[in-house]
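# Report on the structure
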Amino acid sequence: MKLRATATGPLIGTFGVPGDKSLSHRALIFGALAAGETVIAGLLESEDVLATATALRAFGVRVEQFGPGRWRVIGGAWRSPDAPIDCGNSGTAVRLLMGAAAGQGVRATFTGDASLSKRPMRRVTGPLEAMGVRVEGGERLPLTVEGPVTRGIAHLNVPASAQVKSAVLLAGLGTHLAVEVAEPVPSRDHTETMLAEFGVDVEREGHICRLGAKRTLDARLVEVSGDPSSAAFALGAAAIVPGSEVTVKNVLLNPHRSGFVMALQRMGADLAMDNIRGRGGETIGDVRVRFGPLFGAEFTAEEIPSMVDEIPILAVVAAGARGETRIEGLDELRHKESDRLALMAEGLTACGIEARADGDALVVRGGPIRGGGQVRTEGDHRIAMSHLVLGLAAEQPVVIDEAEMIATSFPTFREAMRGIGAKIEEVA
Ligand code: S3P
């Protein structure tokens, strides 16, 4: 299915943002590790998260939906699944589950779709092997992991990856061995925060986190807040479509995830945060963006982990800003669901914007957005949604070559965008 986005005027209203993807995966997995019944409210019911739910059932865990976004997980001992676990498109599912399975002392084979099968996995299986886990396979899926964990580890998490950090911590849960992860540049810390909420002793000291004495999880209620990576599409659109004013409520404002909001502010966006409060160890709040003049800016490699999934939409915002934007340190973007650095440069160029990859930097010169291009997404959800936002601010509509994969992270994207007045429709 192809989709076309057409500029029709200002975007106005409250954007219906779904639950956070990172928190949703973790709520399911941690619930599966906790003895007793964990209840989850606001779970993101996207393909990636459902892949985790299905995988957990194969490990012998009871996982049930009992209302929209409401799930029940009855955790306990895991067993080795009979068949390979298909993680679909989801890097978070496969990397976290490899660590958790190893920690539970079971044996499991993991597979994924064409995109996931191209992504690097040694970054996870390397540290797991160092922890004494048996691994069959190389850099890519399919891979087999077999616990138990027999050795502790002091892992240096470079390049900063929350998925790798999480895999190491989850592997260590079934042991009393010394397990620590040091991060020169911090990655998102949801695993540490949510493990602590589940009653695990997690010691955090500067850029180091380590497992303490209590490593068992106590079942609990998890309320999943709005996904800042999904909110970014509406906030970015409001920033570049003249006359717009959009609010996103109850969105996660964890500093390791708020890089995009900070980037908008740095570029001069008319942005306000309100109703900031705590929930489940995390900070959440409402964010409002009004259209106004934006200016190109420079972003350094250290800033990337706090907006790693938002670089495609940041590049679109840069197209609507005055002057040049330079985003450094994007090597990791080449290893996401697609080579996002190359595809953003290509897609923006196809829509009349001067954009190029310069080593591992992305350089975008803002200006009138001609649009009119057909954009190649290579099955990457964030490349698709970002270019649809570009179309909402362009002189001519923008068409994306494929749209089904938007459901991996944001199945209600079109509906939510329609809710603020965006015109996004199917084309033959
Ligand atoms: C995620 C971590 C990030 C991010 C991904 C989700 C997570 O990847 O890109 O979409 O939930 O832990 P890294 O492991 O590269 O940080």
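Residues numbered from 1 in each chain as written. Predicted model: local features only at pLDDT ≥ 70, side-chain atom pairs only at ≥ 80, totals over all residues. Heavy atoms only, no water.

Further remarks concern the pairing of strand 15 (residues 245-252). In this sheet, strand 15 lies alongside strand 2 (residues 12-15) in parallel orientation, the contact comprising 4 bridges. Bridge pairing in strand 15 places G13 opposite V246. Inspection of the sheet shows strand 15 paired to strand 17 (residues 282-290) by 6 bridges, in the antiparallel sense. Following the sheet pairing, V251 is matched in strand 17 by G285. (Pairing = 2+ DSSP bridges. Helix = DSSP H or I, 4+ residues; strand = E, 2+ residues; numbered from the N terminus.)

Turning our attention to the nonpolar core. Soluble globular proteins tend to pack their nonpolar side chains together in the buried interior. F15, L348 and M417 are the most contacted members of the largest nonpolar core, which totals 78 residues. The greatest single-element share of this core, amounting to 9 residues, is contributed by helix 7 (residues 228-240). Those residues in contact with F15 that sit more than four places away from it in its chain are S230, A231, A234, V246, T247, V248, F410, A416, M417 and I420. With 67 residues, the next largest nonpolar core counts L33, A93, M98 and V202 among its residues. (Core = buried A, V, L, I, M, F, W, Y, C linked by side-chain atoms within 4.5 Å. Buried < 20%, exposed > 50% of the residue type's maximum accessible area, 1.4 Å probe, protein only. Contact = heavy atoms within 4.5 Å.)

Attention shifts here to the site of the ligand. For the ligand, the full set of nearby residues is K21, S22, R26, T92, S161, A162, Q163, R188, V308, D309 and K336. Within the side chain of S22, one N or O atom sits 2.7 Å away from an oxygen atom of the ligand. Contact distances for the ligand include 2.7 Å between an oxygen atom and a side-chain N or O atom of D309. If the ligand stood free it would expose 380 Å²; the protein chains cover 94% of that surface. (Near = heavy atom within 4 Å. Polar contact = N/O pair within 3.5 Å; in protein donor to acceptor, adjacent residues only side chain to side chain. Areas by Shrake-Rupley, 256 points an atom, 1.4 Å probe, with all protein chains shown as cover.)

Our next topic: the UniProt feature "binding site: phosphoenolpyruvate" (unreviewed entry) in the protein chain. UniProt annotation of "binding site: phosphoenolpyruvate" (unreviewed entry) refers to K21, G91, R119, Q163, R340 and R382 when read in the numbering used here. As for the annotated residues, the ones lining the largest pocket are K21, G91, R119, Q163, R340 and R382. Counting through the fold element by element, K21 comes out in helix 1 (residues 21-33). For K21, the contacting residues outside a window of four places in its chain are L44, D48, V49, D227, R382, T408 and S409. Given a relative accessible area of 5%, G91 falls into the buried group. Residues within four places of G91 in sequence aside, it is in contact with L116, R119 and Q163. (UniProt positions renumbered as here; feature names shortened; annotations may be inferred. 1 Å grid on protein atoms, 1.4 Å probe; cavity = no way out; pocket = protein on both sides within 12 Å on 5 of 7 lines; lining within 4 Å.)

Under the counting rule described, the total for this entry stands at 5 aromatic pairs. Where F59 meets W78, the ring centres are 4.7 Å apart and the plane angle is 35°; that geometry is what we call tilted. Within this pair, whereas F59 is found in the loop between helix 2 (47-58) and strand 4 (62-67), its partner W78 is found in the loop between strand 5 (70-75) and strand 6 (85-86), the two being separated by 19 residues in sequence. Residue classification places F59 among the buried residues on the basis of a relative accessible area of 0%. Using a relative accessible area of 7% as the deciding quantity, one classes W78 as buried. When the ring of F233 is compared with that of F413, the centres are 6.0 Å apart and the planes differ by 80°; the resulting orientation is edge-to-face. (Phe/Tyr/Trp six-rings, centres within 6.5 Å; stacked < 30°, edge-to-face > 60°.)

Strand order in the open sheet formed by 4 strands is 6-7-9-8, and the pairing between neighbours is mixed. Lying at the two open borders of the sheet, with one neighbouring strand each, are strand 6 and strand 8 (134-136). Where strand 7 (residues 107-111) and strand 9 (residues 143-146) come together, 4 bridges link them in antiparallel fashion. If you follow F110 over to strand 9, its bridge partner there is L143. Relative to the sheet, helix 3 (residues 91-103) contacts strand 7 and strand 9, its axis offset from that of strand 7 by approximately 170°. (Axes fitted to C-alpha atoms, helices over the stretch in contact; angles between N-to-C directions.)

Looking at where G281 falls in the secondary structure, it is placed in the loop between strand 16 (270-279) and strand 17. The exposed category is assigned to G281, whose relative accessible area is 53%. Along the backbone, G281 and D86 are 195 residues apart, and their C-alpha atoms lie at a distance of 31 Å. The contact partners of G281, leaving out residues within four places of it in the chain, are T193 and E197.

Quick look at helix 3 now. Its 13 residues give helix 3 an end-to-end C-alpha distance of 18 Å, which sits within 8% of 18 Å, the value for a rise of 1.5 Å per residue. Judged by how many residues are buried, helix 3 sits mostly within the fold: 13 of 13 residues are covered. Backbone geometry just downstream of helix 3 places G105 in the positive-phi region, at approximately 75°. (Expected span 1.5 Å × (residues − 1).)

The next point concerns empty space enclosed by the protein. Following the criterion strictly, the structure yields 1 cavity of 30 Å³ or more and no others. Its boundaries defined by the atoms lining it, the largest cavity holds a volume of some 70 Å³. Together, 13 residues line the largest cavity, and P228, L235, L252, R257 and V261 are the ones closest to its centre. Those elements that place two or more of their residues in the lining of the largest cavity are helix 7, strand 15 and helix 8 (259-266). Of all the elements, helix 7 adds the most residues to the lining of the largest cavity, at 4 residues. Here the residues of the lining of the largest cavity are counted per class, giving 10 nonpolar, 1 polar and 2 charged. (Points joined across faces, edges and corners; volume = space filled by probe spheres on them. Nonpolar A, V, L, I, M, F, W, Y, C, P; charged D, E, K, R; others polar.)

Another point: the domain arrangement of the protein chain. When cut into domains, the protein chain gives domain 1 (2-19 + 225-427) and domain 2 (21-223). The centre of domain 1, based on its C-alpha atoms, is set 28 Å off from the matching centre of domain 2. Opposite the 27 residues of domain 1 that make contact, domain 2 presents 26 residues. Taking both partners together, domain 1 and domain 2 bury about 2,300 Å²; carbon and sulfur atoms supply 49% of that area. When the area that domain 1 buries against domain 2 is broken down by residue, the three leading residues are H256, E337 and T408, summing to 24%. Inspection of the domain 1/domain 2 interface yields 3 salt bridges. A salt bridge links D309 to R188; the shortest N-O distance between them is 3.4 Å. (Domains from an automatic or database assignment. Buried area = accessible area lost by both parts, 1.4 Å probe. Salt bridge = Lys/Arg side-chain N within 4 Å of Asp/Glu carboxyl O.)

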